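Each chain, written out:
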Amino acid sequence: MWRRRFSTTVSGSAAALKDKKWDALIIGGGHNGLTAAAYLARGGLSVAVLERRHIIGGAAVTEELIPGFKFSRCSYLQSLLRPAVINELDLAKHGLKLLKRNPSSFTPCLDGRYLLLGPDKDLNHSQISKFSKADAEAYPKYESQLENFCKFMDLVLDSSPPESLQHKSSLNEQLKSKLHNSVFWASCLRHAASMGQKDMVDFMDLLLSPASKVLNNWFEADVLKATLATDAVIGSTASVHTPGSGYVLLHHVMGETDGERGIWSYVEGGMGSISNAIASAAVAAGAHIVTDAEVSQLLIKNSSTVNGVILADGTEVHASVVLSNATPYKTFMATTKINVAVDKLPQFKCCKLDNSHAGPEHVGTIHIGSESMEEIHSASEDAVNGIPSKRPVIEMTIPSVLDKTISPPGMHVINLFVQYTPYKPSDGDWQDHDYRESFAQKCFTLIDEYAPGFSSSVIGYDMLTPPDLEREIGLTGGNIFHGAMGLDSLFLMRPVKGWSNYKTPLKGLYLCGSGAHPGGGVMGAPGRNAAHLVLQDVKKT
């Protein structure tokens, strides 16, 4: 496959790494690792980031896989990046440009109808009214309640979990830890009190319930419920009927763009532009970033303290602390993405239009095969039985409609986020070319049902199955969140009970990736929170 290497903010070489002892080494140049590097360097530490691939960004990366077409190869939309990270690192100055989408969602139906949703309240009301007058009236109340819940979540996202001390400590350390934890819980209680009892009960119901129960309580129209339900299952193996999937729904609406809640945006130049902007801020603060520097193992002193790493070429690099942006699984020991280049925009027959110009249906996320929650559930059941979904659930985005920098004139970049695909299918092997091709064509054929002729517009494509996501991007099991986002693996339980505040059982080793609190998505929160903790610990020594 022809690939172009993008220019990224990289400084120095692997050879220079061994010339000094670093204050901090970061394993993995994904966006969280780069975020941690920026904050640590700004805090006065000498920092080096070690990235295995030839390009920084991890899952937030832009690659030119087909000449002239620049793909956000893994992650593909921005909303979750914490406002604190954007503002504190001044990412706009470092080249970050967000492109808001309006409308933000389009769901075509085989019966000739369709549903558009976005930030325009009048549009939402008129569109939902086509399916249910009652739902049109309920929708603003639903959005308002979720926004209220998101305000509560801001405190949790931007804070280290109030974990108990995991090691022997001085009386002074114990008192400081108890004081910090007391302040956190007191803030939570104040937020809960401001919400009121009814909203707090509804909040707990959302966290614990299946998304289907939450949405059935609010709405009656299948297409509206299915459109909203995709946010509860995207990137996971869960069904809409899985208890706790309501939280993942909230996880996908808690973000914002330029202060507007729930607004997802494209990033000019692709998602790699986020990583590049953070890297630029890190380098400006003095961080040292090296690509093609694979870490093979940790340097451990006296079986208890990490004091550096060993690279794949045998180079030893020493440091006072090490932060791992890799998945927790990789540190200690299902979904498929298809990137497509097309020579024309898909024409959806429900819109009864046929022209080469982009319409509102092309701007936002296009939901294919998601006309009812039962369709989504049926697709998940196929994967539970070991086979890729017979009728996959597809989120299609066409960022080139708003971003003219990523494709040749008149042609487009299309991202297909496809569910559900088992890591090891029982009816074939992802390493088999014919099996892979068959699944890709199944996805294209499904899109043809809604947009006839889509398959014939495909110039080329790149497909990342769960094993590919693991091998290429380092996502264990192909999990985009670095681990499940169920209730048993969140907050004080993430990544495991007793070790939620970024520290690990090995002294000097911290986690700063999506496998740590508050979880997956292009948030930057794990990197920022972990860096703040490291800076506090360094001051104590």
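Residues numbered from 1 in each chain as written. Predicted model: local features only at pLDDT ≥ 70, side-chain atom pairs only at ≥ 80, totals over all residues. Heavy atoms only, no water.

S.K.: For the overall build of the protein, give the residues involved together with the corresponding values.
M.R.: When you go through the protein residue by residue, the secondary structure sums to 16 helices and 20 strands. Among the 541 residues that make up the protein, the fraction classed as buried is 59%. Accessible surface, the protein as shown: approximately 21300 Å² in total, 53% of it carbon and sulfur. (Helix = DSSP H or I, 4+ residues; strand = E, 2+ residues; numbered from the N terminus. Buried < 20%, exposed > 50% of the residue type's maximum accessible area, 1.4 Å probe, protein only. Areas by Shrake-Rupley, 256 points an atom, 1.4 Å probe, with all protein chains shown as cover.)

S.K.: Can you tell me about empty space enclosed by the protein, naming the residues and giving the values?
M.R.: When its volume is computed, the largest cavity comes out at roughly 70 Å³. Taken together, Lys70, Ser72, Tyr76, Tyr266, Val267, Gly270, Met271, Pro399, Asp403, Ile406, Val413 and Asn415 make up the full set of residues lining the largest cavity. Those elements giving two or more residues to the lining of the largest cavity turn out to be β4 (69-72), β10 (265-267) and β18 (412-419). Considered class by class, the residues forming the lining of the largest cavity number seven nonpolar, three polar and two charged. Taken together, domain 1 (14-98 + 268-328 + 495-539) and domain 2 (331-478) each give at least three residues to the lining of the largest cavity, which thus spans both. (1 Å grid on protein atoms, 1.4 Å probe; cavity = no way out; pocket = protein on both sides within 12 Å on 5 of 7 lines; lining within 4 Å. Points joined across faces, edges and corners; volume = space filled by probe spheres on them. Nonpolar A, V, L, I, M, F, W, Y, C, P; charged D, E, K, R; others polar. Domains from an automatic or database assignment.)

S.K.: Could you give an account of the pairing of strand β17 (residues 393-397), with specific residues and numbers?
M.R.: Judged by how many residues are buried, β17 sits mostly within the fold: five of five residues are covered. Pairing of strand β16 (residues 365-368) with β17, which is carried by three bridges, proceeds in the antiparallel orientation. If you follow Ile366 over to β17, its bridge partner there is Met396. Here five bridges tie β17 to β18, and the two strands are oriented antiparallel to one another. From the neighbouring strand, Val393 faces β18, where its bridge partner is Gln419. (Pairing = 2+ DSSP bridges.)

S.K.: So what's going on with the pattern of salt bridges? Residues and values would help.
M.R.: For the structure shown, the criterion picks out 14 salt bridges. For Arg82, the salt bridge identified is with Asp158, shortest N-O distance 2.9 Å. Separated by 76 residues along the polypeptide, Arg82 in the loop between β4 and α2 (83-88) and Asp158 in the loop between α4 (133-157) and α5 (171-195) bring together distant segments of the chain. Judged by its relative accessible area of 4%, Arg82 falls in the buried class. Here Lys198 makes a salt bridge to Asp202, at a shortest N to O gap of 2.9 Å. Here Asp202 and Lys198 lie together in helix α6 (residues 197-208), a separation of four residues that amounts to about one turn. Assessed through its relative accessible area of 60%, Lys198 is described here as exposed. What you see here is one network of salt bridges that share partners, running through Arg53, Glu63, Arg73 and Asp462. (Salt bridge = Lys/Arg side-chain N within 4 Å of Asp/Glu carboxyl O.)

S.K.: Describe helix α7 (residues 211-218), naming the residues involved and giving the relevant values.
M.R.: Considered for burial, the residues of α7 that qualify are Ala211, Ser212, Val214 and Leu215. For α7, the buried positions fall inside an angular range of 160° around the axis, keeping them on one side. (Arc of directions from axis to C-beta.)

S.K.: Pulling in residues and values, what's your account of the packing of α4 against α5?
M.R.: At a closest axis distance of 10 Å, the pairing of α4 and α5 adopts a crossing angle of 170°. Here α4 lies roughly antiparallel to α5, going by the angle between them. Residues Asn148, Phe149, Lys151, Phe152 and Leu155 of α4 form the contact with α5, whose participating residues are Phe184, Ser187, Cys188, His191, Ala192 and Met195. (Axes fitted to C-alpha atoms, helices over the stretch in contact; angles between N-to-C directions. Parallel < 35°, antiparallel > 145°, perpendicular 65-115°, else oblique. Contact = heavy atoms within 4.5 Å.)

S.K.: Residues and numbers for the nonpolar core, please.
M.R.: Among soluble globular proteins, nonpolar side chains are generally buried collectively. Judged by nonpolar contacts, the single largest core of 53 residues is most densely connected at Leu224 and Leu250. Of all elements in the fold, only β7 (114-117), α4, α5, α6, α7, α8 (222-233), α9 (245-251) and α12 (373-384) reach the threshold of two or more residues within this core. For this core, the domains that each give at least three residues are domain 1 (14-98 + 268-328 + 495-539) and domain 2 (331-478). The residues contacting Leu250, other than those within four sequence positions of it, are Leu146, Phe149, Cys150, Met153, Phe203 and Leu206. Core analysis: the next-biggest nonpolar cluster, separate from the first, contains 43 residues, Ala41, Leu81, Ala281 and Ala516 among them. (Core = buried A, V, L, I, M, F, W, Y, C linked by side-chain atoms within 4.5 Å.)

S.K.: Can you tell me about the environment of Cys188, naming the residues and giving the values?
M.R.: In this fold, Cys188 is placed in helix α5. Given a relative accessible area of 10%, Cys188 falls into the buried group. Taking the C-alpha atoms as reference points, Cys188 and Leu155, separated by 33 residues in sequence, lie 7.7 Å from one another. In this structure Cys188 touches Phe152 and Leu155, once residues within four positions along its chain are discounted.

S.K.: Kindly report on the packing of aromatic side chains, identifying the contributing residues and their values.
M.R.: Tallied over the entire structure, the rule returns 15 aromatic pairs. An angle of 75° between the planes, with centres 5.6 Å apart, marks the rings of Tyr142 and Trp218 as edge-to-face. With a gap of 76 residues between them, Tyr142 in helix α4 and Trp218 in helix α7 connect regions that are remote in the sequence. Owing to a relative accessible area of 4%, Tyr142 belongs among the buried residues under this scheme. For Trp218, a relative accessible area of 25% puts it in the partly exposed group. Centre to centre, the rings of Phe149 and Phe203 are 5.0 Å apart; their planes meet at 40°, and the pair counts as tilted. (Phe/Tyr/Trp six-rings, centres within 6.5 Å; stacked < 30°, edge-to-face > 60°.)

S.K.: Before we move on, can you summarise the sheet that holds β7 with the specific residues and values?
M.R.: Strand order in this open sheet of seven strands is β7-β6-β16-β17-β18-β15-β19, and the pairing throughout is mixed. The strands lining the two open edges of the sheet, one partner per strand, are β7 and β19 (458-464). Ignoring which end each strand starts from, the neighbouring axes of this sheet average 20° apart. The sheet contact formed by strand β15 (residues 336-342) and β19 spans six bridges and is antiparallel.

S.K.: Which residues make up the pairing of strand β3 (residues 62-66), and what values do they have?
M.R.: Along β3, five of the five residues are buried, which leaves the element largely enclosed by surrounding structure. Here β3 runs beside β4; their pairing, made up of three bridges, is antiparallel. Residue pairing in the sheet places Glu63 in a bridge with Phe71 of β4. The hairpin turn running from β3 into β4, its antiparallel successor, is two residues long, and Gly68 in that turn takes a positive phi close to 90°.

S.K.: Talk me through unusual backbone geometry; I want residue IDs and the actual numbers.
M.R.: With an omega of 0°, the peptide bond between Asn102 and Pro103 qualifies as cis. Tracing the backbone shows Pro103 in the loop between β5 (98-100) and β6 (105-108). The phi torsion at Asp292 lies on the positive side, around 55°, for a residue other than glycine. By the element assignment, Asp292 lies in the loop between β11 (288-290) and β12 (295-301). Under the relative-accessibility criterion, Asp292 is labelled exposed at 51%. Look at Tyr502: it is not a glycine, yet its phi comes out positive at around 75°.

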